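Listed here are the chains, written in short residue letters.
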Amino acid sequence: MSRTITLIEAVNEALSQEMERDDRVFLLGEDIGLSGGVFKATDGLLAKFGQERVLDTPLAEGAIIAAAIGSSMVGWRPVAEIQFADFITPATDQIIQQASKLRYRSAGGFTCPITIRVCCGGGGGSGLYHSQENAAWFAHEPGLKIVMPSTAYDAKGMLLAAIRDPDPVIFFEHKRLYRTVKDEVPEGDYTVPIGPAAVRREGRDLTILTYGSLTQPSLNAAADLSARNIEAEVIEIRTLAPLDKETILHSVRKTSKVLIVHEDKRTMGIGAELAAIVSEEAFEDLDGPIVRVTGPDVPAIPFAPPLDKAWQVDTHMIVAAAEKLAAY
Amino acid sequence: MSVTTMPERPPVTPEHAVFLLREMLRIRRFEEKAAEMYSLGKIHGFLHLYIGEEATGVGSMQAFTPDDAIVATYREHGHALARGMPARVLMAEMYGKVTGCSHGHGGSMHFFDTNRRFYGGYAIVGGGLPIAIGLALADQMQNRQAITACYFGDGAVAEGEFHESLNLAALWKLPVVFLCENNLYAMGTALERHQAQTDISRKAAVYGLSASAVDGMDVLAVEAATREAAASVRGGKGPYLLELRTYRFRAHSMADPDLYRTKEEIAEWKKRDPIVLFQNRLRESGMLTDEIVARIEAEVGDEIGQAVQFAEESPREPVEDLLKEVGGQNRS
């Protein structure tokens, strides 16, 4: 049986069902218990599982992640919440220096099966330090898996896969999608594997590589383009690390043109890596430049509404770039 | 905070006394040999010696059972040996050989041993402190009786993670013994140049931890103080901060010219060499003879010699292992 629920309800359901299924799963984070989380992603879980499995923590992101790492080394399956992606910096030492390297530096002696749920993303007028989509900071680090779903179905299935994964997974939840995205989600247990990208729309003329909050605008753009006789294939890179090269390259070989669309800043971003992969591995198949439509290189998302809007990539920008590329 | 000088020491059996001496000598001779091999180019990278601090690791480790978890520092050869890791796998690790405890991935600063609950050396100063919180939390959630011993130096107390960890340990009443090996220098910066409050054990009070400080050059005093701390933690009284006041006789690392302290200061501390002090006391009490010392030295020499031979003869880590155990991402 499945029914239509929001992305945040899917997150909550995944946590609840996995805690019922596996005693080793526990949650820790700021305001996740009594308050049920700033966005209510963990609402009701304290009442259901008690304070021994839903731990409200001090504002100490480094210690939150480290506590997860330490407990995972002895068999627990902690799920830590970072309230806003912007607040993750105090924990980067533990994520990058400890979690990502633990398996390697102990030569497999220890693994680090932690899940870090991170609420990210802009576009809501939340300002400089409550809006960043910073997955690229971590995608540089081998040893980490990074996912960012854009549907409720994937949110539940990938969160379950993340918790069961033997390695550290950073699970980005885009706050603008929490309640705007609603789709069919099975009531029971299932996983969506970490790794494979999803072909969301097939097309012959160009490939749009996107993820997160710009998946739906890219699909809207593709519908728009179709009316102008340009058929775009839309691939959602649900897993940013490891990247699904096979699906990406297969599409590029078919369409010969690549448009990369993401919310985050441009320079040294996920798009740059995607472009490099396509250039290195499908150069002969290309029939036009690899084009990026991304957030601008501003240090953080400005507060004032006109600036906030100017910062965002929208459907029109994607359509314009695609038309230009298709004309090559 | 007064330093426990232990004028009235608890009775110690001759066997235990000789064991402690032997453990300290194993570490001293192991590291002297490591320094020699470093000078010969057999060991590369950074090498941080524990020489002078043997009483802190050996004395304190007696208070922990095989079920307890150990989190160490980057100056962790002594902790690893005192925990029972074989000298040969440590030497091989320092040689970068595949027979090392981390298959040569780690080297001197990154010893691990799953079987002995030795959760790593940590080359990021302070990095191990909050991980100890996680280990203790896990043990507590499992209703295990185990406690976590978390070693760090005086330099680590300047890190935010020290304070986050003490707060969380006290807040959640976690079974952790925090062991600060205060050797008076954060690399080349003297304690009074990096700490506003130089009495480290006093930092525990604001978090509500029990705390004490002990002469880290006196192995029996360290053992007694750590047993007391561990008993307090095992008794459910919450975490404990024990400051072990010690001194390293060698430079921070083999690459350090040691220009930030005087020769006189080092010479003064060497008069309190923990091994010499302990040997003298044992001789005075009749527990030690020249024959026993000669026998221990010979046995330790054999063990270290065999460790070097094992490391020398072991194969290099194969380059095919470069991507082994990366985990997470298969990027090739």
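Residues numbered from 1 in each chain as written. Chains lettered and ligands numbered in written order. Predicted model: local features only at pLDDT ≥ 70, side-chain atom pairs only at ≥ 80, totals over all residues. Heavy atoms only, no water.

Visitor: How should the overall build of chain B be read in this particular structure?
Guide: Scanning chain B for helices and strands turns up 11 helices and eight strands. Projecting the C-alpha coordinates of chain B onto the three principal axes gives extents of approximately 55 × 50 × 40 Å. Per-residue burial for chain B yields a buried fraction of 59% across its 332 residues. By sequence separation, contacts in chain B at least 24 residues apart represent 76% of the contacts at least 6 residues apart. Carbon and sulfur atoms make up 52% of the accessible area of chain B, which totals about 13200 Å². The centroid of the 35 positive side-chain charges in chain B is displaced by 1 Å from the centroid of its 45 negative side-chain charges. (Helix = DSSP H or I, 4+ residues; strand = E, 2+ residues; numbered from the N terminus. Buried < 20%, exposed > 50% of the residue type's maximum accessible area, 1.4 Å probe, protein only. Contact = heavy atoms within 4.5 Å. Areas by Shrake-Rupley, 256 points an atom, 1.4 Å probe, with all protein chains shown as cover. Lys, Arg positive; Asp, Glu negative; His and termini not counted. Charge placed at Lys NZ, Arg CZ, Asp CG, Glu CD.)

Visitor: Explanation requested: the domain arrangement of chain A in the structure shown.
Guide: How big an interface is tends to be stated in terms of the accessible area lost upon association of its parts. Residues and elements named next belong to chain A. Per the domain assignment, the segments making up chain A are domain 1 (2-186) and domain 2 (198-326). One C-alpha centre belongs to domain 1, the other to domain 2, and the line joining them spans 26 Å. Counting residues at the interface gives 26 residues for domain 1 and 22 residues for domain 2. There are two salt bridges connecting domain 1 and domain 2. Here Asp154 and Arg238 are joined by a salt bridge, their closest N and O atoms 3.2 Å apart. (Domains from an automatic or database assignment. Salt bridge = Lys/Arg side-chain N within 4 Å of Asp/Glu carboxyl O.)

Visitor: Just to check I follow, could you spell out unusual backbone geometry for this structure?
Guide: For residues that are not glycine, phi is negative in most cases, and the peptide bond is trans in most cases. All names here are of chain A. Cis geometry marks the peptide bond from Ala241 to Pro242, where omega comes out at 0 degrees. Of note, Pro242 is situated in the loop between strand 12 (239-241) and helix 9 (245-255). With a phi angle near 70 degrees, Lys40 is a residue other than glycine that sits in the positive phi range. Turning to its location among the elements, Lys40 is positioned in the loop between strand 2 (25-29) and helix 2 (45-49).

Visitor: What should I look at first to understand the sheet that holds strand 10 (residues 206-210) of chain A in this one?
Guide: Each strand in a sheet pairs with another by means of backbone hydrogen bonds, the pair being arranged parallel or else antiparallel. Residues and elements named next belong to chain A. If you trace the five strands from one edge of the open sheet to the other, you get 9-11-10-13-14, paired in mixed fashion. Two strands in the sheet have a free side with no partner beyond their single neighbour: strand 9 (198-201) and strand 14 (291-295). With direction set aside, neighbouring strand axes in the sheet form an average angle of 25 degrees. Across five bridges, the pairing between strand 10 and strand 11 (residues 232-236) is parallel. (Pairing = 2+ DSSP bridges. Axes fitted to C-alpha atoms, helices over the stretch in contact; angles between N-to-C directions.)

Visitor: Where do I start with the sheet that holds strand 2 of chain A in this structure?
Guide: Residue and element names in this part refer to chain A. The strand order across the open sheet formed by seven strands is 3-2-4-5-7-6-12, and the pairing between neighbours is mixed. Two strands bound the open sheet, and with one partner strand each, they are strand 3 (54-56) and strand 12. Sheet twist, expressed as the average angle between the axes of neighbouring strands with direction ignored, equals 20 degrees. Alignment of strand 4 (residues 77-82) against strand 5 (residues 115-120), held across four bridges, turns out to be parallel. Bridge pairing links Ile82 to Val118 in strand 5.

Visitor: Hey, could you run me through the side chain of Asn134 of chain A in this one?
Guide: Residue and element names in this part refer to chain A. Position of Asn134 among the secondary structure elements: in the loop between strand 5 and helix 6 (135-139). Polar side-chain contacts of Asn134 include one of 3.0 Å to the backbone oxygen of Ala85. Residues within four places of Asn134 in sequence aside, it is in contact with Ala85, Asp86, Ile88 and Phe172. (Polar contact = N/O pair within 3.5 Å; in protein donor to acceptor, adjacent residues only side chain to side chain.)

Visitor: Teacher, can you tell me more about the nonpolar core here?
Guide: Nonpolar side chains in soluble globular proteins tend to be buried together. Within the largest apolar cluster, 92 residues are counted, with the highest numbers of intra-cluster contacts made by Ile65, Met73 and Phe172 of chain A together with Phe152 and Phe178 of chain B. The leading source of residues in this core is helix 5 (residues 128-141) of chain B, at nine residues. Inspection of this core shows a minimum of three residues originating in each of domain 1 (2-186) and domain 2 (198-326) of chain A. Phe172 of chain A has contacts with Ala85, Val118, Cys120, Asn134, Ala135, Phe138, Ile146, Val147, Met148 and Pro149 of chain A, leaving out every residue within four places of it along the chain. Counting residues in each nonpolar core, the second largest holds 74 residues, with Ala72, Ala149, Phe278 and Val300 of chain B among its members. (Core = buried A, V, L, I, M, F, W, Y, C linked by side-chain atoms within 4.5 Å.)

Visitor: Quick question: what am I supposed to make of the interface of chain B and chain A here?
Guide: Facing the 41 residues of chain B at the interface are 43 residues of chain A. Roughly 3300 Å² of surface becomes buried between chain B and chain A when both sides are summed, with 65% attributable to carbon and sulfur atoms. In this structure, the salt-bridge partner of Glu325 of chain B is Arg103 of chain A, at a minimum N-O distance of 2.9 Å. For the pair chain B and chain A, the interface holds 11 residue pairs in polar contact (both at pLDDT 80 or more). Mapped onto the side of chain B that touches chain A, the elements with two or more residues apiece are helix 5 and helix 6 (160-171) of chain B. Counting residues per element, the side of chain B that touches chain A draws most heavily on helix 5 of chain B, which supplies eight residues. Class assignment of the residues belonging to the side of chain B that touches chain A gives a composition of 17 nonpolar, 16 polar and eight charged. (Buried area = accessible area lost by both parts, 1.4 Å probe. Nonpolar A, V, L, I, M, F, W, Y, C, P; charged D, E, K, R; others polar.)

Visitor: In this structure, what is going on with the layout of surface pockets? I would like to understand it.
Guide: A water-sized probe, rolled over the atoms, reveals where empty space remains. Its boundaries defined by the atoms lining it, the second largest pocket holds a volume of some 420 Å³. Lining the second largest pocket are 17 residues, and of these Gln51, Glu52 and Leu55 of chain A together with Leu137 and Gln140 of chain B sit closest to its centre. Going through the elements one at a time, strand 3 of chain A together with helix 5 of chain B are the ones with two or more residues in the lining of the second largest pocket. Partitioned by chemical class, the residues of the lining of the second largest pocket number nine nonpolar, three polar and five charged. (1 Å grid on protein atoms, 1.4 Å probe; cavity = no way out; pocket = protein on both sides within 12 Å on 5 of 7 lines; lining within 4 Å. Points joined across faces, edges and corners; volume = space filled by probe spheres on them.)

Visitor: Just checking my understanding: could you explain the packing of helix 2 (residues 54-61) of chain B against helix 8 (residues 219-234) of chain B for this structure?
Guide: If you want to describe how two helices pack, look at the angle between their axes and the distance between the axes. Residues and elements named next belong to chain B. Two numbers describe how helix 2 lies on helix 8: the axes approach to 7 Å, and their chain directions differ by 40 degrees. It follows that helix 2 is oblique to helix 8 by the angle criterion. Considering how the two elements wind past one another, helix 2 and helix 8 form a crossing that is right-handed. Taking contact as the criterion, the partners of Ala55, Thr56, Val58, Gly59 and Ser60 in helix 2 are, on helix 8, Val219, Val222, Glu223 and Thr226. Among the residues making up the contact of helix 2 with helix 8, the classes are represented as four nonpolar, four polar and one charged. (Parallel < 35°, antiparallel > 145°, perpendicular 65-115°, else oblique. Left-handed = near helix turned anticlockwise from the far one by under 90°.)

Visitor: Quick question: what am I supposed to make of helix 4 (residues 92-99) of chain A here?
Guide: An α-helical turn contains 3.6 residues, so a residue and the one three or four places further along point in the same direction. Of all eight residues in helix 4 of chain A, six are buried; the element is thus mostly enclosed. Along helix 4 of chain A, the residues classified as buried are Thr92, Gln94, Ile95, Ile96, Gln98 and Ala99 of chain A.

Visitor: Where do I start with empty space enclosed by the protein in this structure?
Guide: Residues and elements named next belong to chain A. For the structure shown, the criterion picks out five cavities of 30 Å³ or more. As a volume, the largest cavity reaches approximately 90 Å³. Lining the largest cavity, in full, are Ser131, Gln132, Glu133, Glu263, Asp264, Lys265, Val298, Pro299, Ala300, Ile301 and Trp311. Of the residues assigned to the lining of the largest cavity, the class counts are five nonpolar, two polar and four charged. If you count residues domain by domain, the lining of the largest cavity takes at least three from each of domain 1 (2-186) and domain 2 (198-326).

Visitor: Explain helix 6 of chain B to me, please; I cannot follow it from the model alone.
Guide: With 12 residues, helix 6 of chain B should cover 16 Å at 1.5 Å per step; its first-to-last C-alpha distance of 16 Å lies within 8% of that length. Of the positions making up helix 6 of chain B, those classed as buried are Glu161, Phe162, Ser165, Leu166, Leu168, Ala169 and Ala170 of chain B. Lining the buried residues of helix 6 of chain B we find helix 3 (61-72) and helix 4 of chain A together with helix 5, strand 3 (148-153), strand 4 (176-182) and strand 8 (240-245) of chain B. Looking one or two places after helix 6 of chain B, you find Lys173 of chain B, whose phi comes out positive at around 50 degrees. (Expected span 1.5 Å × (residues − 1).)

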